[in-house]
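One-letter residues, chain by chain:
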Amino acid sequence: MSGGPGTEVFRVDWLPGTDLLHGVCHCGAEHVAQDPVEMWRWMLAHPVGHTA
Amino acid sequence: MTAFPRNQWYVAAYGSEVGRELLGRTVLGEPIAFYRTADGAGEVVALADRCVHRRYPLSQGRLDGDTLVCGYHGFTYDRTGACVFVPGQKRVPRTARVAAYPVVEQDSLVWVWIGEPALADPRAVPRAPHLAGPGWTSVSGMEPVDCDFGLLVDNLLDLSHETYLHGGYIGTPEVAETPITTEVDEGAGIVRVSRHMDDAACPSFYARSTGIEGRITRWQDIEYHAPCLYLLHSRVAPVGVLPNPDGTDPDAFHIEITYAITPSAPGKVYDFWAVSRDFARDDPEVTTVLRDLNHTVVMQDVDALNILQRALDAEPAGGQELSINIDTGGLAARRILARLAEEGAAPAERVS
Ligand code: FES
Ligand SMILES: [Fe+2]
Ligand SMILES: [Zn+2]
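So, how was this worked out
Residues numbered from 1 in each chain as written. Chains lettered and ligands numbered in written order. Predicted model: local features only at pLDDT ≥ 70, side-chain atom pairs only at ≥ 80, totals over all residues. Heavy atoms only, no water. Helix = DSSP H or I, 4+ residues; strand = E, 2+ residues; numbered from the N terminus. Rg over C-alpha atoms; globule rule 2.2 N^0.38 Å. Buried < 20%, exposed > 50% of the residue type's maximum accessible area, 1.4 Å probe, protein only. Contact = heavy atoms within 4.5 Å. Areas by Shrake-Rupley, 256 points an atom, 1.4 Å probe, with all protein chains shown as cover. Lys, Arg positive; Asp, Glu negative; His and termini not counted. Charge placed at Lys NZ, Arg CZ, Asp CG, Glu CD. pLDDT = per-residue confidence, 0-100. Pairing = 2+ DSSP bridges. Core = buried A, V, L, I, M, F, W, Y, C linked by side-chain atoms within 4.5 Å. Domains from an automatic or database assignment. Donors = N, O, S within 2.8 Å, 3.2 Å for Na, K, Ca; no water.

## Details of the overall build of chain B
Scanning chain B from terminus to terminus reveals seven helices and 17 strands. The C-alpha radius of gyration computed for chain B amounts to 22 Å, which stays within 12% of the reference 20 Å derived for 352 residues, consistent with globular compactness. Along the first, second and third principal axes, the C-alpha atoms of chain B reach 75 × 50 × 35 Å. Of all 352 residues assigned to chain B, the portion counted as buried reaches 54%. Pairs at least 24 apart in sequence give 58% of the contacts found in chain B among residues at least 6 apart. For chain B, the computed accessible surface area is about 15,600 Å², with 53% contributed by carbon and sulfur atoms. Charged side chains in chain B number 30 positive and 48 negative. The centres of these two groups are separated by 11 Å.

Written out as structure tokens, the structure reads:
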């Protein structure tokens, strides 16, 4: 396995009361999406498009 | 089909299943014979389950002390897999040896390393301390399922299915309605999915085991250690009862749901399940209720997954899926499994 625990954590919150997903990359960049496939595509593109 | 991640630890059995009778299990397509030594250490031995002579399964043989005697013509192996006796002649061919697998017995589980033995690190085996630890009482079982192991991972990472597939048993409307949070720890290969229900109906699984009447606060915190170990930390309490600021939580009921997801062969998976509780620990009635109800729930999943796999097999290639918010955790798990499979692919396979 590469890296240690806690080195790179991605987080996605489903915003209560909405259908929106709010993602936070380990670099601090944030993104809102309507669909988890698109969310993971954005997340894993790090650092592309992750200007905070 | 989900690729098998090699160079990983997998649960092959409960410790209680391995004794002085030979046990055969197939993990990632590799047939393995298990037994426990008779010496004081009582260690678990895992040998490739095919005799070098005519490939007869060694698990069909018998033990002679700590050696294994093939049931066909008597080739005899020690615990390292070396053949120490062949019938009728003094010379044992130098190449007469079967592979011995690295094994760790921990938390009541027997873990086996599938891959390059030199890479096996016993410290990398994830923990499930509640299974054997003080303060908990557990029931457990194992069901083989005829499906891709990825379908079982999908199933367990998205608990919104409880509302529909397990309605009344463990599912209530609030499960499917409540938003989740998903966290992926890349380095550790862990996916966490949490669903905290503040005010939910109490399904029979919890009503009958805890005795709570009325509505509950219900927390589900999943911790999936890819590829094999799945922990669901479940907290149930009367509505509004929360843990103390110092973290103690004396007025809630805690149930640890453990699964080990072990690919057996393409389209086959072992579904190990256990339910551990920190309340009514000596009450045999609660033990019976939890064992029976959880077995029923597991069989609902087994039936559904068998049906799903048959439907997928019958479909022409190119059938499409559609993912929505509830799938956020499952998609993360799929991606980690794909990465682990890639990392574990033998170099020899890579160049071919
Ligand atoms: S097949 Fe095992 S001894 Fe012949
Ligand atoms: Fe289920
Ligand atoms: Zn980033």
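## A closer look at the confidence of the model for chain A
Residues and elements named next belong to chain A. Within chain A, residue pLDDT values average 88, and 87% of them lie at 70 or more. Of all the helices and strands in chain A, helix H1 (residues 36-44) carries the lowest mean pLDDT, 96, while strand E2 (residues 21-24) carries the highest, 98. Residue range residues 1-6 is modelled with pLDDT below 50. Its contacts to residues more than four positions away, or to other chains, number 12 contacts.

## As for the pairing of strand E14 (residues 216-225) of chain B
Residues and elements named next belong to chain B. Most of E14 is tucked away, with nine of its 10 residues classed as buried. Pairing of strand E13 (residues 190-200) with E14, which is carried by nine bridges, proceeds in the antiparallel orientation. Of the residues in E14, the one forming a bridge with Val-193 is Ile-222. Pairing of E14 with strand E15 (residues 229-238) involves 10 bridges; the strand directions are antiparallel. Paired with Asp-221 across the two strands is His-233, which belongs to E15. Taking the residues between adjacent antiparallel strands as the criterion, E14 and E15 are bridged by three residues.

## Side note on the nonpolar core
Residues and elements named next belong to chain B. Judged by nonpolar contacts, the single largest core of 113 residues is most densely connected at Phe-34, Trp-111, Val-112, Phe-205, Tyr-224, Tyr-230 and Ile-261. Looking at this core element by element, the count peaks at eight residues for helix H5 (residues 284-313). Formed jointly, this core draws a minimum of three residues from each of two domains, domain 1 (8-124) and domain 2 (129-345). Look past the residues within four positions of Trp-111 in its chain and what remains in contact with it is Trp-9, Tyr-10, Val-11, Pro-102, Val-103, Val-104, Gln-106, Val-125, Pro-126, Cys-228 and Leu-229.

## Considerations on the coordination of the zinc ion (ligand 3)
Residues and elements named next belong to chain A. Note on the zinc ion (ligand 3): its protein donors are Cys-25 (SG), Cys-27 (SG), His-46 (ND1) and His-50 (ND1). The metal-donor distances range over 2.0 to 2.3 Å. Site description for the zinc ion (ligand 3): donor spacing in sequence, C-x1-C-x18-H-x3-H. Of the two residues, Cys-25 is situated in the loop between E2 and strand E3 (30-33) and His-46 in the segment after H1; the sequence distance between them amounts to 21 residues. Relative accessible area serves as the criterion here: at 3%, Cys-25 is assigned to the buried category. Residue classification places His-46 among the partly exposed positions, given a relative accessible area of 29%.

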